[in-house]
Amino acid sequence: MYEPTYDNVLLELVHGDTVTVSGLVVPEQDRRAGKKTENARVIAVGPGRVQKGVRLPMSVRVGDLVLIDSYAGTVVSSVSEPERVILPETEIEAVLERG
């Protein structure tokens, strides 16, 4: 398994519409912008980035369900694993559900 560095996050893509615990339906296609988004589950997080000698905490945790742009990050999957993406925390558009 990959271990993210700095403020990087490893995500496993979740395809299709998702319903959060609060009942919010997040469509696979963002109809207002015509832009495709992806729902993903956080698999691993890096320790956070260092700014002025202080490590900044990450805002997402393992198990969180997040929304990302479909073109964000780098695909790091292999044949034997589900589709995974690694990206900087700043490319996560929203936390849909806390894990």
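Our subject is the structure listed above.
Because the structure is a prediction, the values reported are computed rather than measured. (Residues numbered from 1 in each chain as written. Predicted model: local features only at pLDDT ≥ 70, side-chain atom pairs only at ≥ 80, totals over all residues. Heavy atoms only, no water.)

**Observations regarding the pattern of salt bridges**
In total, this model carries 3 salt bridges according to the counting rule given. For the salt bridge of R84 with E12, the shortest nitrogen-to-oxygen distance reads 3.2 Å. On the criterion of sequence distance, the pair formed by R84 in strand β10 (residues 84-88) and E12 in strand β1 (residues 8-14) is long-range, its members being 72 residues apart. For R84, a relative accessible area of 11% puts it in the buried group. Residues R98 and D64 are paired through a salt bridge, measuring 2.8 Å at the closest nitrogen-oxygen approach. With a gap of 34 residues between them, R98 in the segment after β11 (92-97) and D64 in the loop between β7 (54-55) and β8 (65-69) connect regions that are remote in the sequence. Classification of R98 as partly exposed rests on a relative accessible area of 44%. (Salt bridge = Lys/Arg side-chain N within 4 Å of Asp/Glu carboxyl O. Helix = DSSP H or I, 4+ residues; strand = E, 2+ residues; numbered from the N terminus. Buried < 20%, exposed > 50% of the residue type's maximum accessible area, 1.4 Å probe, protein only.)

**As for unusual backbone geometry**
Look at Y6: it is not a glycine, yet its phi comes out positive at around 50 degrees. Among the secondary structure elements, Y6 is positioned in the segment before β1.

**A word on the environment of V95**
Residue position: V95 is located in strand β11. For the pair formed by V95 and D64, sequence separation is 31 residues and the distance between their alpha carbons is 6.9 Å. Apart from residues lying up to four places away in sequence, V95 is in contact with V60, D64, L65 and V66. (Contact = heavy atoms within 4.5 Å.)

**Brief notes about the nonpolar core**
For soluble globular proteins, the rule of thumb is that nonpolar side chains tend to be buried together. Core analysis: the biggest nonpolar cluster contains 13 residues, and V9, L11, V66, I68, L87 and I92 have the highest contact counts within it. At the level of elements, β1, β5 (35-45), β8 and β10 are the ones that each hand at least two residues to this core. In terms of residues, this core owes the most to one element, β1, which gives 3 residues. If we ignore the near neighbours within four places in the chain, the residues touching I92 are V9, V60, V66, L67, I68 and L87. (Core = buried A, V, L, I, M, F, W, Y, C linked by side-chain atoms within 4.5 Å.)

The values reported here are purely geometric and, on their own, carry no functional implication.
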